[in-house]
Amino acid sequence: MKKIINEPGNVVPEMVDGLVRAYPQYLRQIPETMAVIRSNEDSMAGKVGIVSGGGSGHEPSHAGFVGPGMLSGAVCGQVFTSPTPDQIYEAIKAADHGKGVFLVFKNYSGDAMNFDMAKDLADVDDIEVKSIVVDDDIAVEDSLYTQGKRGVAGTVFMHKILGAAADQGASLDELEELAQAVLPNIKTIGIALHAATVPEVGKPGFELADDEIEYGVGIHSEPGYKREKIKASKDMAEELVGQLDKSLGLDSSKKYAVMVNGMGATPLMEQYIFSHDLLDLLNAKEISPAFMKVGNYMTSIDMAGLSLTIFELKEDKWLDYLNYKVDTIGW
Amino acid sequence: MKKIINEPGNVVPEMVDGLVRAYPQYLRQIPETMAVIRSNEDSMAGKVGIVSGGGSGHEPSHAGFVGPGMLSGAVCGQVFTSPTPDQIYEAIKAADHGKGVFLVFKNYSGDAMNFDMAKDLADVDDIEVKSIVVDDDIAVEDSLYTQGKRGVAGTVFMHKILGAAADQGASLDELEELAQAVLPNIKTIGIALHAATVPEVGKPGFELADDEIEYGVGIHSEPGYKREKIKASKDMAEELVGQLDKSLGLDSSKKYAVMVNGMGATPLMEQYIFSHDLLDLLNAKEISPAFMKVGNYMTSIDMAGLSLTIFELKEDKWLDYLNYKVDTIGW
Amino acid sequence: MALTVDNLTEWINAFAQKVTDKKDYLSELDTPIGDGDHGNNMARGVKAVQESLDAKAPADLTAAFKQIAMALISKVGGASGPLYGTAFLEMAKKSKDSTEIADLFAAADAGIKKRGGAQAGDKTMVDVWEPLAAKLASGSLTQAEIDEAVNSTEEMIAKKGRASYLGERSSGHLDPGAMSSGYLFTALIETEGIL
Amino acid sequence: MALTVDNLTEWINAFAQKVTDKKDYLSELDTPIGDGDHGNNMARGVKAVQESLDAKAPADLTAAFKQIAMALISKVGGASGPLYGTAFLEMAKKSKDSTEIADLFAAADAGIKKRGGAQAGDKTMVDVWEPLAAKLASGSLTQAEIDEAVNSTEEMIAKKGRASYLGERSSGHLDPGAMSSGYLFTALIETEGIL
Ligand SMILES: Nc1ncnc2c1ncn2[C@@H]1O[C@H](COP(=O)(O)OP(=O)(O)O)[C@@H](O)[C@H]1O
Ligand SMILES: Nc1ncnc2c1ncn2[C@@H]1O[C@H](COP(=O)(O)OP(=O)(O)O)[C@@H](O)[C@H]1O
Ligand SMILES: [Mg+2]
Ligand SMILES: [Mg+2]
Ligand SMILES: [Mg+2]
Ligand SMILES: [Mg+2]
């Protein structure tokens, strides 16, 4: 393991400290926690707070999306480990400005349990809390009897949509309705060329040969649905678009937002080339995205690879939310 | 070599195409070239144009900094290879709105010669052109008899300063004066954990053992000034700050802007940890940066490592320029 | 034979020791079917528990269980933090009317199931807690029974937790949470004077 | 013996062939003391030159030199593009009053020095162009002389171009631009009817 770190056990507190001190205009650290809140208090007045979080290792998620027009606060867990209820609770308290707090988290048992416990703590204070569990990854089959699908990069679209609506004065109930309406329309699938190395573990989550890639990988080095020899970018794009097409039924009469998301070690050069191939494929279906972003938004430490998110914009308002003014480190 | 690409020889055209089609609201490709220009024509009216460029492989530089408040256009050369004069000339023509064009390039023989030839071509059209050659890398000794120092990540600060000034109506002469005044105050030094792989070459520019790092590396896998066993982040920070201190004479009575720049494969997690160590060191000198950015701004394809830029803000106006409103993909 | 603050502390220290010794092994178990952090999570947790007990000697069993629960809940995170935390929180509640090991473990088992929604056969720590809580109710518990419960998770297909994302490919691997729970039960039977 | 559009084309094609064959070697030379792209740059350039000459047969020597120059300038980039481009552009200009090889190369050599600001001893292509242009002026050029000029760059310390960033560590490596220039001269002496 070759990393610019000090003690592997200290990466989270040092990282949060570095981030907050580098960007005091955006973030304030809640004392004694690994939770951050918007520095701009005025921007939260009279509005529902939006709090997200999860394990660390996904930078700029989630703290990088804290700012006017997006999140009110974010809670940073240990690497790939859900944050604890007491910390989430502190973020809820700081984000509450009398209108309640909306929680966004991804569909992992740990996140679900810790955020639920935090909600219980907030209940005692009579802070109204609602939440959405993002599960956009189509690589894993959904089923009533299991945990369901994983939450991955599509979560960033959810942050943006809810953050814009909250900034425009949406109530807690309206945000819940919006989140539920948006959720089934966001779908993501990823590929890995190299797995992530958790600092405290010291070696990659799984091994890939020099000419192999893994399709359907998660953002914590969870293995995907198949492993194959590496192909040209356009063939990878075809596989991913094919999977998303099955799930979304891509159609030229519909509007879409697209995110190409780098996993941490994959340079923009490759992400732009993939985007070129992707846009060619969509073009062949007479689809031209109404909104697109390419970059590192929901990373997996130093994983090499990327994910593709397609979000069907069922309502014009959703596109306005995506384009709504925002001021954060990472968007 | 494991990359998300198609033909290694096609990376530049495919990348530029992907970038421009993903972000049509920011960029327009000049037909038949690898040069891009701001989509927002109105934002350029009556102002001096700012054109930058260089070899590709430094994404989001330089095209990612094209937009209101920053660059007017950017020219993308082959990977790590200066663009050709005809392409630079097309960007100059597109950026000229009657007030002339200011060129920003880095101190490499190739860039200097190609940009100079483009200037000659523009002369014929009576387009007034001035330029600044950025040479912020202190890893290489300056000398009258050689090429001098290399231009690296500090170039992004130069873009921001000039872009803000141009947007506020600075004339070509004023921009030249500003650029000359700013230049000696921007200093950068970098480290690499792993060298970059040029797609057409297929292997890293140099080999580092699993426990080695290279100090003073350039952004084209140029070797640096020493190679050592990897150390803790805080020791690396100490080495880099020490070098910059020698060059700038860091002093608590002065104001500084700081950039921690990821080289492409180094995740934000490590950049934030390094920032934590850096800020501790500066703190010990009673310096707290007046402006700071952490992220991938001037990358070196998939190099692992980072660079540290410190920019002494001799004038308050320079800080205003850094904070001036801007709308680009990469800033 | 009865639970006291002293032998509870001894039991928890023995558990902490086992988790610390097996930290890498637990994370390794969590690698093929999880995210490779279970050992780190649990080691962080038991360290916090020990620090809490060292910093403030609990006045009674209820206080001791609560301190353990709060340390786990506020330091572990992930899935195991709320689950282990809930287990000890339920023991704290139950200890107000009973200090019978059988009653305490029945309450803990119910708490884990409620918190995580898993049932026996889902390849989670429930596959250790449910059968072993039943053994304790019937009056005895042996290492062989602990091993059997832990090993039973190997062939199961996960239905809860991260391993469930793997579907059938989760089979053939021991569940890390089942293994760490096994250590808790082993520490229990090894601590003299409790059973 | 005189330069014609035909044997100029033959010469350039022979040069193109050598560059294409040695593409990887030129990039390798550029790796320790440069950025590893000289072979790719030159190969791209000579391909463009050949395409240009194929697409439009030049009417005369001046037109031929200019086409070659423009192809190199607009396709190579980097340092070698403007330098080789300038060399041929200067030959195009000079060819209006002289078709003597010695005159043409003297003009090219002067153009390269003016464009890049390097002089002999700076470990650049100038260390090939200057002495060999002089040999051509004196009436003859051998492969041994070409090799000697190319090899002379090995021990030099670079003062211009990327290699100069290495300071003394640039010594011990052949200069890639000197090597590709050597191919141009070898192709020249190998083309029958020019010298
Ligand atoms: N819903 C659940 N119910 C019961 N136990 C669960 C559940 N989800 C996960 N677990 C247990 O937690 C263990 C994983 O814990 P850990 O690795 O610390 O957390 P995470 O999965 O968040 O990384 C699993 O091996 C399993 O025994
Ligand atoms: N200022 C200069 N004057 C003359 N030749 C130069 C100069 N700078 C570079 N060169 C030549 O260019 C060669 C490198 O060309 P190339 O690798 O194609 O371009 P780049 O250095 O831009 O990558 C060097 O080996 C050297 O011979
Ligand atoms: Mg985890
Ligand atoms: Mg080059
Ligand atoms: Mg785990
Ligand atoms: Mg080169």
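In the nomenclature of an unreviewed UniProt entry, chain C corresponds to Dihydroxyacetone kinase subunit L from the organism Ligilactobacillus pabuli.

Chain A carries the name Dihydroxyacetone kinase subunit DhaK in an unreviewed UniProt entry, which gives Ligilactobacillus pabuli as its organism.

Attention shifts here to helix H5 (residues 172-182) of chain B. All buried positions along H5 of chain B are accounted for by Leu172, Leu175, Leu178, Ala179 and Val182 of chain B. All buried residues of H5 of chain B project into a common sector of 120° when viewed along the axis, lining one side.

Our next topic: the interface of chain A and chain C. In this assembly, 33 residues from chain A lie in contact with 28 residues from chain C. A combined buried area of about 2400 Å² lies between chain A and chain C, and 55% of that area is made up of carbon and sulfur atoms. Where chain A meets chain C, there are 1 salt bridge. Among the salt bridges present, the one from Arg162 of chain C reaches Glu222 of chain A, with a minimum N-O distance of 3.5 Å. Counting across the interface, chain A meets chain C through 10 residue pairs in polar contact (both at pLDDT 80 or more). Looking at the side of chain A that touches chain C, the elements that each hand over two or more residues are strand E4 (73-79), helix H2 (85-95) and helix H3 (109-124) of chain A.

Residue and element names in this part refer to chain B. Throughout the structure, instances matching the rule amount to 55 salt bridges over all chains. Residue Arg227 pairs with Glu212 through a salt bridge whose shortest N-O separation is 3.9 Å. A residue pair is termed long-range when its members are at least 10 positions apart, and Arg227 in strand E9 (residues 226-229) and Glu212 in strand E8 (residues 212-215) qualify at 15 residues. On the basis of relative accessible area, Arg227 is assigned to the partly exposed category, the value being 38%.

Quick look at the sheet that holds strand E3 (residues 49-56) of chain B now. Residues and elements named next belong to chain B. The strand order across the open sheet built from 6 strands is E1-E2-E4-E3-E5-E6, with neighbouring strands paired in mixed fashion. If you trace the sheet from one side to the other, it starts and ends with strand E1 (27-29) and strand E6 (129-134), each paired once. Across the sheet, the mean angle from the axis of one strand to that of its neighbour is 25°, orientation sign disregarded. Here strand E2 (residues 35-38) runs beside strand E4 (residues 73-79); their pairing, made up of 3 bridges, is antiparallel. Residue pairing in the sheet places Ile37 in a bridge with Gly73 of E4. Against the sheet, helix H4 (residues 154-167) makes contact with E3, strand E5 (101-106) and E6, and its axis sits at roughly 170° relative to E5, the strand it touches most.

With that settled, consider the packing of helix H1 (residues 11-22) of chain A against helix H7 (residues 268-284) of chain B. Here H1 of chain A crosses H7 of chain B at 65°, and the two axes come no closer than 7 Å. Classified by the angle between their axes, H1 of chain A and H7 of chain B sit roughly perpendicular to one another. Seen along the crossing, H1 of chain A lies across H7 of chain B with a hand that is left-handed. Every residue of H7 of chain B that contacts H1 of chain A at Val11, Glu14, Met15, Asp17, Gly18, Leu19, Arg21 and Ala22 of chain A is listed here: Met269, Tyr272, Ile273, Ser275, His276, Leu279, Asp280 and Asn283 of chain B.

Turning our attention to the site of ligand 1. Surrounding ligand 1, one finds 21 residues, the nearest of these being Asp35, His38, Asn41, Ser80 and Asp175 of chain C. One finds residues of chains A and C in close proximity to ligand 1. In the environment of ligand 1, an oxygen atom lies 3.1 Å from a nitrogen or oxygen atom belonging to the side chain of Asp30 of chain C. Ala79 of chain C has a polar backbone atom sitting 2.9 Å from an oxygen atom of ligand 1. Isolated, ligand 1 exposes 560 Å² of accessible area, and the fraction of that covered by the protein chains is 96%.

What follows concerns the interface of chain A and chain B. Of the residues lining the interface, 57 residues belong to chain A; the matching set on chain B comes to 58 residues. A buried area of about 4500 Å², summed over both sides, lies between chain A and chain B, and 64% of it is on carbon and sulfur atoms. The three residues of chain A that bury the most area against chain B are Lys2, Ile4 and Met269 of chain A, which together make up 20% of that side's buried surface. In this assembly, chain A and chain B are joined by 2 salt bridges. The partner of Asp280 of chain A in a salt bridge is Arg21 of chain B, with the nearest N and O atoms 3.0 Å apart. Taken together, chain A and chain B are joined by 24 residue pairs in polar contact (both at pLDDT 80 or more). Where the side of chain A that touches chain B is concerned, the elements lending two or more residues are H1, strand E7 (186-194), helix H6 (233-248), helix H7 (268-284), strand E11 (291-295) and strand E12 (304-312) of chain A. In terms of residue count, the dominant contributor to the side of chain A that touches chain B is H7 of chain A (12 residues). For the side of chain A that touches chain B, the class distribution of residues is 31 nonpolar, 11 polar and 15 charged.

Procedures and definitions
- Residues numbered from 1 in each chain as written.
- Chains lettered and ligands numbered in written order.
- Predicted model: local features only at pLDDT ≥ 70, side-chain atom pairs only at ≥ 80, totals over all residues.
- Heavy atoms only, no water.
- Buried < 20%, exposed > 50% of the residue type's maximum accessible area, 1.4 Å probe, protein only.
- Helix = DSSP H or I, 4+ residues; strand = E, 2+ residues; numbered from the N terminus.
- Arc of directions from axis to C-beta.
- Contact = heavy atoms within 4.5 Å.
- Buried area = accessible area lost by both parts, 1.4 Å probe.
- Salt bridge = Lys/Arg side-chain N within 4 Å of Asp/Glu carboxyl O.
- Polar contact = N/O pair within 3.5 Å; in protein donor to acceptor, adjacent residues only side chain to side chain.
- Pairing = 2+ DSSP bridges.
- Axes fitted to C-alpha atoms, helices over the stretch in contact; angles between N-to-C directions.
- Parallel < 35°, antiparallel > 145°, perpendicular 65-115°, else oblique.
- Left-handed = near helix turned anticlockwise from the far one by under 90°.
- Near = heavy atom within 4 Å.
- Areas by Shrake-Rupley, 256 points an atom, 1.4 Å probe, with all protein chains shown as cover.
- Nonpolar A, V, L, I, M, F, W, Y, C, P; charged D, E, K, R; others polar.

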